[in-house]
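# Summary of the model geometry
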Amino acid sequence: MEKKNQQHYGLFTATTMIIGIVIGSGIFFKADDVLNYTGGSVLLGVLVFCIGAFSIIFGSLTLTELSVRTKKSGGVIGYYEEFISRKIAAGFGWFQTFVYYPTIIVVVSWVAGVYTSTLFGMNASLEEQVFIALIYMIFIYVINFLSLKLGGYFQNLTTVIKLIPLLGIAIIGFFWGDPNPKIPIGVKAISKSDVGFKWIAALAPIAFSFDGWIVAPSITDEVKNPKRTMPLALIIGPIVILSVYLLYFLGLNNMLGPEYVMSLGDNAVNKVGELLLGIHGDKIILIFIIIAVLGVVNGVTLGSLRMPQALASKNMIPGGEKIATIHPKFHLSIGSCLVSFIVTLIWMGIHYITQKTGVLGQSDISEISIVFSYICYIILYVKVFIMKKKGIIRSKFKGIICPILGILGSMIILIGGITSNPTYVPIFIGFCLAICIAGYLFYKNKNI
């Protein structure tokens, strides 16, 4: 049955949706990673931010050509289902359900735990950080399960709050003088260095900071005049995001200096609060950041709770009938929520192990799943290119230039991800591929 298009969003709303989806926690705790990979070069840091924006602009413009030609639900899963095959759609759906969403929830919850321990002056161990993360994660799951409206209100509030410290640091820091505060005693100082071409590894944390754009094309059917509105929104949105990110990155470095940011890592932003707001300023900034980070957890959880049910409704997951059933009181599938929660708990354990052993270096499980997702997008970009050759898409810009540049951007991010950890990242990517194959084979065998 075809879905009804309720076209009630204009250009402004579509653009702000994209900005709200993409701007999250990544910029707060990935700025130091970018500097570490670039050897403290702010100029190279600016370059990788621009490459990240380049990737999402042309990638999203390419996928818009698919979104305006389908009535399938599920965003990217719907595109695979309509234009590639249902079996491959099932494979990608398994990846999103069992790897992509839960790894992001876990890592961002952990970041909230790290910042919370700093807020209360705790010299928290990894175990304590993970415990705090677990409490946050359970809290977010509970409020979204019990009340759809409460989860939505929380999302709107955190979207506004997250912009306050970003724009504040960006504006004030840009005109700040006399940088380079003293690095605290006991903290290992990191100096600038020549990293050669290894700076490309900075694209892995950049991909995390820009992640979320893939959700944007899925709202195309709810946008007025989508063929005109969505391409404009998907150009304006990333440019605004890039501008905010660059101003924050430059403001942070102008206030503190790259050596301080690299040495203090995720805690560097605390010094900004102290400089701007006095002795308790670091705590005020941290409260803003924690709320912003929890907003990301909430937004991703909103999607994760519904993914198993979406797959079940298409017969793409075991236990389809039970998981597909929507509870009349909660307006969610209880089975879908349980699957999401249990899988996320398992990934919390995996994240703890990878952080404890240090096998992923400066990377984490979410970065690798995001890098793999870019590989999956390439298949859709190629499909758009083929549709142009068949005359289905007439515009050379949308049918040739955009998919080619989208593929190029995805390949750059893939190379950056592998460069960040050439030993374990390829293994993890192989694991993601295995999950996709499992979903493919399940659907194939179930629907012979």
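Residues numbered from 1 in each chain as written. Predicted model: local features only at pLDDT ≥ 70, side-chain atom pairs only at ≥ 80, totals over all residues. Heavy atoms only, no water.

## So, the overall build of the chain
Cut-off, in case you're wondering: Numbered from the N terminus, helices here are DSSP runs of H or I no shorter than four residues, and strands are runs of E no shorter than two. Atoms counted for the radius of gyration: C-alpha only. Globule rule: 2.2 Å times the number of residues to the power 0.38. We call a residue buried when its accessible area falls under 20% of the maximum for its residue type, exposed when it is over 50%, and partly exposed in between, using a 1.4 Å probe and counting protein chains only. We call two residues in contact when some of their heavy atoms are within 4.5 Å. For every accessible area listed, the method is Shrake-Rupley and the probe measures 1.4 Å; residues are considered covered only by the protein chains on display. The charge count treats Lys and Arg as positive and Asp and Glu as negative. His and the chain ends do not count. Charge coordinates come from a single atom per side chain, which is NZ of Lys, CZ of Arg, CG of Asp or CD of Glu.
Counting secondary structure elements, the chain contains 17 helices and 0 strands. Radius of gyration (C-alpha) of the chain: 21 Å, near the 22 Å computed for a compact globule of 448 residues. For the C-alpha atoms alone, the extent of the chain along its principal axes is close to 65 × 45 × 45 Å. The burial tally for the chain puts 55% of its 448 residues in the buried class. The long-range share in the chain, meaning contacts at least 24 apart out of those at least 6 apart in sequence, stands at 80%. Accessible surface for the chain amounts to roughly 18900 Å². Of this, 68% is attributable to carbon and sulfur atoms. Charge-centre separation for the chain: the mean point of 33 positive side chains lies 14 Å from the mean point of 20 negative side chains.

## Remarks on the nonpolar core
Within soluble globular proteins, side chains that are nonpolar generally end up buried alongside one another. Our working definition: The set of buried Ala, Val, Leu, Ile, Met, Phe, Trp, Tyr and Cys residues whose side-chain atoms join them within 4.5 Å is what this entry labels a nonpolar core.
Ranked by size, the top nonpolar core spans 140 residues in total, and within it Phe-49, Tyr-115, Phe-210 and Trp-213 carry the most contacts. No other element matches helix α5 (residues 86–119), which puts 20 residues into this core. Apart from the residues lying within four places of it in its own chain, the contact partners of Phe-210 are Val-22, Phe-49, Gly-52, Ala-53, Ile-56, Ile-241, Leu-242 and Tyr-245.

## Considerations on the confidence of the model for the chain
Just so we agree on the cut-off: Every residue gets a pLDDT, meaning the predictor's confidence in that residue, from 0 to 100.
On average, residues of the chain carry a pLDDT of 83, and 92% of them reach 70 or more. Mean pLDDT values for the elements of the chain range from 73 in helix α1 (residues 11–22) up to 94 in helix α14 (residues 334–357). Low confidence marks residues 1–5, where pLDDT is under 50. Its contacts with residues over four positions away, or in another chain, come to 7 contacts.

## Here's the deal with unusual backbone geometry
Among all residues save glycine, negative phi is the norm, and among peptide bonds the norm is trans. Phi at Asn-315 takes a positive value of approximately 60°, unusual for a residue other than glycine. Note that Asn-315 resides in the loop between α12 (281–312) and α13 (320–324). By relative accessible area, which is 40% here, Asn-315 ends up partly exposed.

## Quick word on the environment of Ile-342
Here Ile-342 is to be found in helix α14. What makes Ile-342 partly exposed here is its relative accessible area of 46%. Along the backbone, Ile-342 and Gln-355 are 13 residues apart, and their C-alpha atoms lie at a distance of 20 Å.

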